[in-house]
Amino acid sequence: MLKISRPNISEQDIREVVRVIESGDLVQGQVCAQFEADLSRYLGDVERGDPHVALVSSGTAALHLALLALSVQRDDYVLVPNFTFPATINAIHLVGALPIVVDVCPRRYVITPDIFTQAVNSIIEVHGRPPRALLLVHEFGCPVDMVSILKIADRHGIYVIEDAACALGAADHGYKVGAIGHIGCFSFHPRKTLTTGEGGLVSTMNADLIERVRKLRNHGMALEGGGIEFKEPGFNYRMTNFQAALGLRQLASLDSWIERRRYLANKYCELISSSPCAELISLPEIIDGHSWQTFMVVVPTRRSSDLIVSLKTMGIECNIGAQVLTSIQYVRNNEDHYVLKSADPVQSRMMQGHTLALPLCEQYSDDDLKRVVEALEFVLASGT
Ligand SMILES: *Cc1c(COP(=O)(O)O)cnc(C)c1O
C-alpha cells in the first residue's frame, strides 16, 4: 500500500530519542529548551528578529492557549475558514467564543483578503461590532496573503491568529508563516512534515503573550522570588524531552524535505495535466512559499468516498484532506449560528464530497507518483 504519507524517522533519530529516555530526564527540560531555541531561529529573520516560542503537547493545545492568551472569550465572534481540521473551530468553542465560518478560495483552499473584508463587513452589519479575531489556516502549507490580511485586521482592531498546524516552513513574501500575525500555532502530529508523535508550538513576537502561554501550559505556575507560585488555574500541555529530541533532529532536515515536496507537487501537476483525465481534475495552485504538507485535488463530477475505496483496492491510500466545516454534524445542525447569510461560504461548500488528497511525502519517487496518477486515470475512466 502506498500510504498517504510516512513519518520520516531515521535510525539515528531513534538512537537520539533512546539516549534522552535513558538519561531519565523525561519531562519538559533542557532538550525542549534547545528545540525551542532552534525553532525560534528557524521562524525568525534578520529584519524582524526571532519570535518567542513555547512548545506544547499538540496543535490543538497550541490553538487553545493562543486564544486564552489573547483573552478571546465568551460572546466574542471569531472568523474561521470553512475548510480545515475541526480542531480549529473546536478551540474557539472551548473558550466560549462564537465561531463564524467564512469561505476559502478554490485551488488554494485558504481565506483571501476579499473574503475577509466581506465577512468583517457582514458581521458589523448583522451584529453591530467587528469580530474579535480571525483564526486563519495556512491549509496544507499554502501561505495566506498575510500582508493584506493584517492591514484589514489592524483597521478594525481584529487579532490575527495563524493556524499553521500543517505549515511549518511555509512562507509568505519570504516571512515564515505562524510568525507573522499576532500569534501562531503549529502541530507536530505524524501527518505533518515534522513530527514528534504528538506535539505543538505557539509562536509570537509579543513577550507578554508567550509568558501567559508558558504559565498556562504548566498548571498556571510561574517562578517567583526563587520559588514557584500558582498564578491562575492552568493545564498540563507540556511536551516531553524525548519528543523534543526527535523534533530537534527533524528540524535539521526540514528545508530539504520541503524542497523535495515542492518538486513532487510540481511533478503531480505535470503528470495530471498531461493525462487523459486532466479535465475532470481541479489542481491546486503552485505558489511561492507553499510547503506542501498535503497535495489535494478536487474532482467535481465524482464522489471522493467512491474514489478513495477504488484507489485503495489498487494499493493507493488517499483521503479527503480536510473537512468542510458546514458538513460536520454540530455545525450542520446549527448553521444559523455559524454562517452569515450575506457571507455564505459557497466555494468551500462546493468542495464537500469531492476533495481527494493524494499520497505525498519526501521519501516518494517520481515512479510512485506515476503509479498514483495511472491508478486515478483508471478509476476515473471506469466511471466509479
Ligand atoms: C493537524 C491540525 C490541527 C490539530 O493538530 P493536533 O496536533 O493534531 O492537535 C489543527 N489545525 C489544522 C489546520 C491541522 O492541520
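Numbers given for residues are sequential positions, taken from 1 along each chain in its written order. A pLDDT threshold of at least 70 governs which residues receive local features in this predicted model, and a stricter bar of 80 or more applies before side-chain atom pairs are shown or counted, although totals over entire chains, interfaces and linings include all residues. Each side-chain value is derived from all of the structure's non-hydrogen atoms; neither hydrogens nor water enter the calculation.

Peer 1: Hey, could you run me through the overall build of the chain in this one?
Peer 2: Along the backbone of the chain there are 13 helices and 15 strands. Just to be clear, the radius of gyration here is over C-alpha atoms, and the globule rule we use is 2.2 Å times residues to the power 0.38. For the chain, the C-alpha radius of gyration of 21 Å lies close to 21 Å, the compact-globule estimate for 384 residues. A principal-axis box enclosing the C-alpha atoms of the chain has dimensions of 70 × 60 × 40 Å. Exposed residues in this analysis have more than 50% of their type's maximum accessible area, buried residues have under 20%, and partly exposed residues fall in between, with area computed by a 1.4 Å probe over protein chains only. Split into buried and exposed, the 384 residues of the chain put 56% on the buried side. Pairs at least 24 residues apart make up 71% of the contacts formed inside the chain by residues separated by at least 6 positions. A total accessible area of about 16200 Å² is found for the chain, and carbon and sulfur atoms account for 51% of it. Under the counting rule used here, the positive set is Lys and Arg, the negative set is Asp and Glu, and His together with the chain ends is not counted. A charged residue contributes its charge at one atom only: NZ of Lys, CZ of Arg, CG of Asp or CD of Glu. For the chain, the distance from the average position of its 35 positive side-chain charges to the average position of its 44 negative side-chain charges is 3 Å. By definition, any uninterrupted DSSP run of H or I lasting at least four residues is a helix, any uninterrupted run of E lasting at least two residues is a strand, and each is numbered from the N terminus. Between two residues, a contact is recorded if the distance between any of their heavy atoms is within 4.5 Å. For the accessible areas, the method is Shrake-Rupley and the probe is 1.4 Å, while residue cover comes only from the protein chains on display.

Peer 1: What is the right way to read the domain arrangement of the chain from this model?
Peer 2: Quite often, the size of an interface is put as the accessible area lost when its parts meet. On domain assignment, one finds that the chain holds domain 1 (11-251) and domain 2 (254-382). Residue ranges for the domains trace back to a domain assignment, done automatically or taken from a database. The distance between the C-alpha centroids of domain 1 and domain 2 comes to 25 Å. Opposite the 44 residues of domain 1 that make contact, domain 2 presents 45 residues. Taken together, both faces of the contact between domain 1 and domain 2 bury some 3700 Å²; the carbon and sulfur share is 56%. For domain 1, the biggest contributors to the area lost against domain 2 are R107, F140 and T193; these three give 20% of the whole. Criterion for a salt bridge: a side-chain nitrogen of Lys or Arg within 4 Å of a carboxyl oxygen of Asp or Glu. The tally of links from domain 1 across to domain 2 stands at 1 salt bridge. With its nearest N and O atoms 3.0 Å apart, the salt bridge here joins E285 to R108. Once two parts are put together, the accessible area they lose, assessed with a 1.4 Å probe and summed over both, is termed the buried area.

Peer 1: Where do I start with unusual backbone geometry in this structure?
Peer 2: Trans is the prevailing form of peptide bonds, just as negative phi is the prevailing case for residues other than glycine. Although it is not a glycine, D75 adopts a positive phi angle of roughly 75°. As for its placement among the helices and strands, D75 is situated in the loop between α3 (59-69) and β2 (77-81). Backbone geometry places R107, a non-glycine residue, at a positive phi of 75°. Relative to the assigned elements, R107 resides in the loop between β4 (98-102) and α5 (113-127).

Peer 1: What should I look at first to understand the environment of F116 in this one?
Peer 2: Within the secondary structure, F116 sits in helix α5. The class for F116 is buried, based on a relative accessible area of 0%. Sequence separation between F116 and I152 is 36 residues; the distance between their C-alpha atoms is 8.1 Å. When sequence neighbours within four positions are dropped, the list of residues in contact with F116 reads L79, I111, L134, I149, I152, A153 and I158.

Peer 1: Would you mind going over the nonpolar core with me for this structure?
Peer 2: A general feature of soluble globular proteins is that nonpolar side chains tend to end up buried together. Joining through side-chain atoms within 4.5 Å is the link that ties buried Ala, Val, Leu, Ile, Met, Phe, Trp, Tyr and Cys residues into a set, and such a set is a nonpolar core. F35, L79, I111, F116, L168 and F188 are the most contacted members of the largest nonpolar core, which totals 53 residues. Elements supplying a minimum of two residues to this core: α2 (30-43), β1 (52-56), β2, β4, α5, β5 (133-137), α6 (146-156) and α8 (241-273). Top element by residues in this core is α8. It accounts for 7 residues. Viewed by domain, this core spans two of them, domain 1 (11-251) and domain 2 (254-382), each represented by three or more residues. Discounting residues that sit within four places of it in the chain, F35 has contacts with L55, F188, L194, T196, M239, A244, G247, L248 and L251. Residues A62, L63, V78 and A91 belong to the second largest nonpolar core, which totals 36 residues.

Peer 1: For this particular structure, what's the right way to read the sheet that holds β5?
Peer 2: The strands making up a sheet associate through hydrogen bonds between their backbones, and the pairing can be parallel or antiparallel. Here, any two strands with at least 2 DSSP bridges between them count as paired. If you trace the 7 strands from one edge of the open sheet to the other, you get β1-β10-β9-β6-β5-β2-β4, paired in mixed fashion. Two strands close off the open sheet at either side, each with one partner strand: β1 and β4. Neighbour-to-neighbour, the strand axes of this sheet turn through a mean angle of 20°, independent of strand direction. In terms of strand pairing, β1 meets strand β10 (residues 200-204) through 5 bridges, oriented antiparallel. Bridging from a neighbouring strand, V53 pairs with S203 of β10. Of the strands in this sheet, β1, β9 (183-187) and β10 are in contact with α2, which crosses β1 at around 135°. Helix axes are fitted only over the stretch in contact, all axes being lines through C-alpha atoms; the angle between N-to-C directions runs from 0 to 180 degrees.

Peer 1: Would you take a moment to explain the pairing of β5 for this structure?
Peer 2: Consecutive side chains along a regular strand alternate between the two faces of the sheet. Counting buried residues along β5, 5 of its 5 residues qualify, which places the element largely inside the surrounding structure. Every second residue of β5 is oriented toward a common face, with A133, L135 and V137 on one face and L134 and L136 on the other, all of them buried. Where β2 and β5 come together, 2 bridges link them in parallel fashion. For V78, the partnering residue across the bridge sits in β5 and is A133. Where β5 and strand β6 (residues 159-163) come together, 5 bridges link them in parallel fashion. Bridging across to β6, V137 finds its partner in D163. Convention used here: a crossover is right-handed provided that the path from the first strand, over the helix, to the second strand proceeds clockwise when the strands point away from the viewer. As a crossover connection, the stretch from β5 through α6 into β6 is right-handed.

Peer 1: Sorry if this is basic, but what is going on with the layout of surface pockets here?
Peer 2: Picture a little ball the size of a water molecule; that probe, rolled over the atoms, points out where space is still empty. The space that makes up the largest pocket amounts to roughly 520 Å³. Mapped onto the lining of the largest pocket, the elements with two or more residues apiece are α3 and α4 (87-94). The leading source of residues in the lining of the largest pocket is α3, at 3 residues. Classification used: nonpolar for Ala, Val, Leu, Ile, Met, Phe, Trp, Tyr, Cys and Pro, charged for Asp, Glu, Lys and Arg, polar for all others including Gly. Across the lining of the largest pocket, the residue classes tally to 9 nonpolar, 13 polar and 5 charged. Grid points spaced at 1 Å and placed over the protein atoms alone form the basis of the search, with a cavity being a set where a 1.4 Å probe fits but cannot get out and a pocket an open set showing protein on both sides within 12 Å along at least five of seven lines. Lining residues have an atom within 4 Å of a point. Grid points are joined across faces, edges and corners, and a volume is the space filled by probe spheres set on the points.

Peer 1: I'm lost on the site of the ligand in this one. Help?
Peer 2: The nearness test applies per residue and asks whether one of its heavy atoms lies within 4 Å of the molecule or strand. In the region of the ligand, 15 residues are neighbours, and G59, T60, D163, S187 and K192 sit closest. Residue G59 places a main-chain N or O atom 2.7 Å away from an oxygen atom belonging to the ligand. Pairing of N or O atoms within 3.5 Å defines a polar contact, subject to two protein rules: one partner must be a possible hydrogen donor and the other a possible acceptor, and residues neighboring in sequence count only if both atoms are side-chain atoms. T60 places a polar side-chain atom, nitrogen or oxygen, 2.5 Å from an oxygen atom of the ligand. Considered on its own, the ligand offers 390 Å² of accessible surface; in the complex 91% of this is hidden by protein.

Peer 1: Teacher, can you tell me more about the environment of V144 here?
Peer 2: Within the secondary structure, V144 is located in the loop between β5 and α6. In sequence terms V144 and Q293 are 149 residues apart; their C-alpha atoms lie 15 Å from each other.

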